[in-house]
Number of protein chains: 2
Amino acid sequence: MTFSEIIAKKRDGESLTREEIALFVRGAGDGGLPAEQLSALLMAICIRGMTAEETGRLTQEMLHSGEAWALAATVPEAVDKHSTGGIGDTVSLIFAPLMAAVGVPVAMMAGRGLGHSQGTLDKLEAIPGFRVDWDRSGMIGLLEQCGAAVVAQTDNIAPADRTLYALRDITATVPSLPLIVSSIMSKKLALGAGTLILDVKCGSGAFRKTLAEAVELAEALRSVARSAGVACEALVTEMDQPLGPALGTACEVREAIEILEGRGSAPLREVTLRLAEEALVLCGRDRARARAGLEKALDDGSAAAAWEAFVRAHGGDPDPGLLPRPRRVVDILAEDSGRLTAVDGEDLGRAAVEVGAGRRRLDEEIDDAGGIEVLVRLGDSIEPGRPVARVLLGHRPVDEPAVIAKVRGAFTITETDADLPPLVYGTPEQVG
Amino acid sequence: MTFSEIIAKKRDGESLTREEIALFVRGAGDGGLPAEQLSALLMAICIRGMTAEETGRLTQEMLHSGEAWALAATVPEAVDKHSTGGIGDTVSLIFAPLMAAVGVPVAMMAGRGLGHSQGTLDKLEAIPGFRVDWDRSGMIGLLEQCGAAVVAQTDNIAPADRTLYALRDITATVPSLPLIVSSIMSKKLALGAGTLILDVKCGSGAFRKTLAEAVELAEALRSVARSAGVACEALVTEMDQPLGPALGTACEVREAIEILEGRGSAPLREVTLRLAEEALVLCGRDRARARAGLEKALDDGSAAAAWEAFVRAHGGDPDPGLLPRPRRVVDILAEDSGRLTAVDGEDLGRAAVEVGAGRRRLDEEIDDAGGIEVLVRLGDSIEPGRPVARVLLGHRPVDEPAVIAKVRGAFTITETDADLPPLVYGTPEQVG
């Protein structure tokens, strides 16, 4: 069967066999198939969809296009965590040391900032000396030392995904569920932790805007993980506004430290606790006791101690005084009065990228001093003059009036009340 | 709007505007869009389809990607004829001088053989001296001289179609109706004759196997032509077996001369007459008188004289004795007795290509002496020993047993009777 005939099968809505999918992924990974054919098949998959079996096969083939770390073979109790991407999403920085503090190792491969979102690697690198380039044995060393490891995804992990991801971006096939699921899960399965907790964001600032879409993604991701023998749960959480107040690198690290010291943003603390609680239940712990233990760790200093150990193990200096600070802060004051009924998280994310928290070009350096702080939450009663956000300005030259206008425009204040979304929708079963 | 957003519109089943289609075709023609994006959009069009308006816009944009000859501006009465592709389809060679004989000029751009079919240009070039490379003024000179011109399509005609055609071939998007229609009609409208008669083949040897598919194609082609102001009719004709007995270059020229001299294959004569009759009706002539005039031209020598003028005007020598002849002829004798119930025209076409009537590689030369002659028609009563076909062998080295086996295997002889298809199904309205 020629590859053109395989494309024709999917064009006509048929399912592809394991061998056909293997041919596709191999051709994407080693350049053996022309990009024209890959693009046509991606579009056919995007429109016709894939069965759960096909999605699982695609994930497995993408995983095996590169290195498989099979972490569970060495550290069976290690937990991985993944978020589908949000703004003010500082959870990973808190989750890893918090879980370590209650005795469960956390191992994650993280990425850099993409589009309007900030990357976990970029955030951690705001800490002086913090290293993210570790190989498998380096990661295992980190887990032995401090029970938490966050490392950069290497080029050898799921190389076929890189080819396909770049193609999806230009061929308008990014929103395809099987392509999203296989892209995410191939990398998670390549790390190969035995337990995985998924944070599926839902709302105006998320990739999946409606609850139904978010639940669909949560179920699809979880299903592939479980089929691969991974203990997995997914929580759908709200992304109609930034989760935590900080959007940036150094400022998110500071916010993480606040939470780990028992203070900080209540929504960010709560979502982190819920994800950690689900992860501990997956590990066989009693839910109520798990929750109590996590809260205690945040409040009694043990999570903060775990953070310091985590930073030191990665080569970093945990002194918060060393984190880059803004040179200047511009307060954005409300001009109207009423309720805060909408927040454009993507615009806030873009503003944060502008002032330093991301790269506007691939070769641009992060300015760790820059960022955005959000001071209000949906439903808040706003009076003119109340600060709704702060623009943290660092060293990067920025079009200040444009950034300020973008941040100001991200807040919708109206006279009417609006229904507030819950912070955590729950597992697919709890959403119902 | 980025091109990726245009792809997304078609992916989601929306219609594209004239400007969006223009961007697509321009990018295909000048290489301004990456082949990955073109491929993804081709697949989205193939699955989602296009409205009649979109197909018309696509055709117009493809036509304007190159040179427009606008023939009707100079020779308003000229008629063009197009066949969707069949085997033993010698019609064009007869149609052009026959119409000229009854006073209506015919202008056609023709192509070379593709796949298992034989090309009109290849056939004409079997005539010593026959030239097909004429520009617009050369074509008009031919029309003035002999009332019939058949020229090679130049590289400047619808260049965007060449890019898209090559992509369609590898991306499994060949069968898309709007892509087929715009590819065919952009080239017809680039020549720009005021009248166009379409021969849409239907049956096992055609691209469109069922009557419904053929009618759909006929209507779509005719609709685009009429929207562009061209007087157009389409006849759906049978392609369950080769139309004429000859499959090849020189042998088809000989068959054309037979018909033009009032003899030859009855089905080939009849289909040519029906197409010519419809064309004359499009030109405003009375149907019955048109038919009578055409038959008279075939029988009284005037069509044969028009052929000689046609060949001479193109630089060729009309002496049939100069046409290459086979070095050896192998008769294929029936082994079974019964009715001829199926003929695999594609296999016969491939056998003809093998022995010289086509190119097995792009750089291979045609062997005009080679070809296949079919001696039976569907429904014929066959006795063992009756010759069903002849293999004409020229100078090209061929795997003779394989060709003979392929030709023999193309005829299905059974004990049962089968319904015979009509030779001409008629216009879309006549099919009903």
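Conventions used here
Residues numbered from 1 in each chain as written. Chains lettered and ligands numbered in written order. Predicted model: local features only at pLDDT ≥ 70, side-chain atom pairs only at ≥ 80, totals over all residues. Heavy atoms only, no water. Helix = DSSP H or I, 4+ residues; strand = E, 2+ residues; numbered from the N terminus. Rg over C-alpha atoms; globule rule 2.2 N^0.38 Å. Buried < 20%, exposed > 50% of the residue type's maximum accessible area, 1.4 Å probe, protein only. Domains from an automatic or database assignment. Contact = heavy atoms within 4.5 Å. Buried area = accessible area lost by both parts, 1.4 Å probe. Salt bridge = Lys/Arg side-chain N within 4 Å of Asp/Glu carboxyl O. Polar contact = N/O pair within 3.5 Å; in protein donor to acceptor, adjacent residues only side chain to side chain. Least-squares fit on C-alpha atoms with pLDDT ≥ 70 in both. 1 Å grid on protein atoms, 1.4 Å probe; cavity = no way out; pocket = protein on both sides within 12 Å on 5 of 7 lines; lining within 4 Å. Points joined across faces, edges and corners; volume = space filled by probe spheres on them. Nonpolar A, V, L, I, M, F, W, Y, C, P; charged D, E, K, R; others polar. Pairing = 2+ DSSP bridges. Phe/Tyr/Trp six-rings, centres within 6.5 Å; stacked < 30°, edge-to-face > 60°. pLDDT = per-residue confidence, 0-100. Core = buried A, V, L, I, M, F, W, Y, C linked by side-chain atoms within 4.5 Å. Disulfide = S-S within 2.5 Å.

> Go over the overall build of chain A with me, naming the residues and quoting the values.
What chain A contains, in helices and strands, is 17 helices and 13 strands. The C-alpha radius of gyration of chain A comes to 22 Å, within 12% of the 22 Å expected for a compact globule of 432 residues. With the principal axes as the frame, chain A shows a C-alpha extent of 70 × 45 × 45 Å. Across the 432 residues that make up chain A, the buried fraction comes to 57%.

> I'd like a rundown of the domain arrangement of chain A, residues and numbers included.
Residues and elements named next belong to chain A. Segmentation of chain A into domains returns domain 1 (3-49), domain 2 (71-320) and domain 3 (325-414). For domain 1 and domain 2, the distance between their C-alpha centroids amounts to 31 Å. Taken together, the contact between domain 1 and domain 2 spans 12 residues of the former and 11 residues of the latter. Taken together, the two surfaces of domain 1 and domain 2 that pack against each other cover about 930 Å², and 85% of this comes from carbon and sulfur. Across the contact surface, domain 1 and domain 2 share zero salt bridges. Here domain 1 and domain 2 share one residue pair in polar contact (both at pLDDT 80 or more) between them. When contributions to the side of domain 1 that touches domain 2 are tallied by element, the ones reaching two or more residues are helix H2 (18-30) and helix H3 (35-48). For the side of domain 1 that touches domain 2, the element with the highest residue contribution is H3, accounting for seven residues.

> Give me the interface of chain A and chain B: which residues, what numbers.
Opposite the 21 residues of chain A that make contact, chain B presents 20 residues. Interface of chain A and chain B: buried area, both sides summed, is about 1,600 Å²; carbon and sulfur atoms make up 72% of it. By the criterion of area lost to chain B, the three top residues of chain A are Arg 11, Glu 36 and Ile 47 of chain A, representing 34% of everything that side buries. Where chain A meets chain B, there are zero salt bridges. Between chain A and chain B we count four residue pairs in polar contact (both at pLDDT 80 or more) in total.

> Break down the relation of the copies chain A and chain B for me, with residues and values.
With an axial shift of 0.0 Å and an RMSD of 0.1 Å, the rotation relating chain A to chain B amounts to 178 degrees. Such a combination of turn and shift is consistent with a two-fold rotation axis. With an isologous cut-off of 70% or more, the 95% of interface residues of chain A that recur at the interface of chain B puts this contact in the isologous class.

> So what's going on with the side chain of Glu 233 of chain A? Residues and values would help.
Note on placement: Glu 233 of chain A falls in strand E5 (residues 231-238). In this structure Glu 233 of chain A touches Leu 196, Ile 197, Leu 198, Arg 222, Arg 226, Glu 278, Leu 282, Thr 427 and Pro 428 of chain A, once residues within four positions along its chain are discounted.

> Outline the layout of surface pockets, supporting the account with residue identities and numerical values.
Residue and element names in this part refer to chain A. Of the voids in this model, the second largest pocket is the one considered here, and its volume is about 1,800 Å³. Arg 112, Leu 114, Ser 117, Tyr 165 and Lys 187 are the residues nearest the centre of the second largest pocket, which is lined by 50 residues in total. For the lining of the second largest pocket, the elements supplying multiple residues, two or more each, are strand E1 (79-83), helix H5 (91-101), strand E2 (106-110), helix H6 (120-124), helix H8 (159-171), helix H9 (177-191) and helix H15 (345-357). For the lining of the second largest pocket, a count of residues per class yields 17 nonpolar, 18 polar and 15 charged.

> Requested: an account of the pairing of strand E9 (residues 371-374) of chain A, with residues and values cited.
Sheet topology places strand E6 (residues 246-248) of chain A next to E9 of chain A; three bridges connect them, and they run antiparallel. Bridge pairing in E9 of chain A places Gly 248 of chain A opposite Gly 371 of chain A.

> Report on the packing of aromatic side chains, specifying residues and quantitative values.
What describes a pair of aromatic rings is the distance from one ring centre to the other and the angle between the planes of the rings. Tallied over the full model, the rule gives six aromatic pairs over all chains. Ring geometry for Trp 307 of chain A versus Phe 310 of chain A: centroids 5.7 Å apart, planes at 40 degrees, classification tilted. On the criterion of helical spacing, the pair formed by Trp 307 of chain A and Phe 310 of chain A is a turn pair, its members being three residues apart in helix H14 (residues 302-313). Residue Trp 307 of chain A is classed as buried on the basis of its relative accessible area, which comes to 3%. For Phe 310 of chain A, a relative accessible area of 1% corresponds to the buried category. Relative to Phe 310 of chain B, the ring of Phe 130 of chain B has its centre 5.6 Å away and its plane inclined at 55 degrees; by these criteria the two rings are tilted. In this pair, Phe 130 of chain B sits in the loop between helix H6 (120-124) and helix H7 (136-146) while Phe 310 of chain B sits in helix H14 (residues 302-313), placing the two residues 180 residues apart along the sequence.

> Give me the lowdown on the pairing of E1 of chain A, citing residues and values where you can.
Residues and elements named next belong to chain A. Among the five residues in E1, five count as buried, and that is most of the element. Residue alternation in E1 divides its side chains into two sets, Val 79, Lys 81 and Ser 83 and Asp 80 and His 82, and both sets are buried. Sheet topology places E1 next to strand E4 (residues 195-202); five bridges connect them, and they run parallel. Across the sheet, residue Ser 83 finds its bridge partner in E4, namely Asp 199.

> Please provide a residue-by-residue account of the pattern of salt bridges, values included.
Side chains carrying opposite charge are able to pair once their charged atoms draw close together. Across all of its chains, the model carries 82 salt bridges over all chains by this definition. The salt bridge partner of Arg 263 of chain A is Glu 261 of chain A, with a shortest N-O separation of 2.2 Å. Arg 263 of chain A gets classed as partly exposed once you look at its relative accessible area, which sits at 40%. Judged by its relative accessible area of 38%, Glu 261 of chain A is partly exposed. Residue Asp 380 of chain B pairs with Arg 386 of chain B through a salt bridge whose shortest N-O separation is 3.4 Å. Where salt bridges share partners, they join Glu 270, Glu 277, Glu 278, Arg 287, Arg 291 and Glu 295 of chain A into one cluster.

> Go over empty space enclosed by the protein, please, and point to the residues and values.
Residue and element names in this part refer to chain B. Taken as a whole, this structure holds five cavities of 30 Å³ or more when the rule is applied. Of the pockets and cavities examined, the largest cavity occupies roughly 50 Å³. As for the largest cavity, its lining consists of Asp 80, Met 185, Lys 188, Leu 189, Gly 192, Ala 193, Thr 195, Leu 196 and Val 230. Those elements that place two or more of their residues in the lining of the largest cavity are helix H9 (177-191) and strand E4 (195-202). Taken together, the residues of the lining of the largest cavity sort by class into five nonpolar, two polar and two charged.

> Pulling in residues and values, what's your account of the sheet that holds strand E8 (residues 338-343) of chain B?
Overall, antiparallel pairing links the three strands, which are arranged E10-E8-E12 (chain B) in an open sheet. Looking at strand neighbours, the two that pair on one side only are strand E10 (381-382) and strand E12 (411-414) of chain B, the edges of this open sheet.

> Tell me about the confidence of the model for chain A, residues and numbers included.
Of the residues in chain A, 100% have a pLDDT of 70 or more, and the chain-wide mean is 95. Interface confidence for the predicted complex, given as ipTM, is 0.85, next to a pTM of 0.87.

> So what's going on with the nonpolar core? Which residues, and what values?
If you look at the biggest cluster of nonpolar residues, it comprises 94 residues, and the most contacted ones within it are Leu 71, Phe 95 and Phe 310 of chain B. Ignoring sequence-local partners within four residues, the contact set of Phe 310 of chain B consists of Ala 96, Leu 124, Phe 130, Cys 146, Ala 148, Ala 149 and Val 150 of chain B. Among the nonpolar cores identified, the runner-up in size contains 93 residues, and Ile 257, Leu 273, Leu 280 and Leu 294 of chain A belong to it.

> Quick rundown of the state of the cysteines? Include the residues and the values.
Under the counting rule described, the total for this entry stands at zero disulfides over all chains. The thiol of Cys 232 of chain A is not disulfide-bonded; the next cysteine sulfur, from Cys 283 of chain A, is found 12 Å away. No disulfide involves Cys 46 of chain B; its sulfur sits 15 Å from the nearest other cysteine sulfur, which is in Cys 46 of chain A. Judged by its relative accessible area of 18%, Cys 46 of chain B falls in the buried class.

> Give me the environment of Pro 267 of chain B: which residues, what numbers.
All names here are of chain B. Mapped onto the secondary structure, Pro 267 falls in helix H12 (residues 266-282). With a relative accessible area of 17%, Pro 267 lands in the buried category. Residues Pro 267 and Pro 245, spaced 22 residues apart in sequence, show a C-alpha to C-alpha distance of 9.3 Å. Not counting chain neighbours up to four residues away, the residues in contact with Pro 267 comprise Leu 243, Arg 377 and Leu 423.

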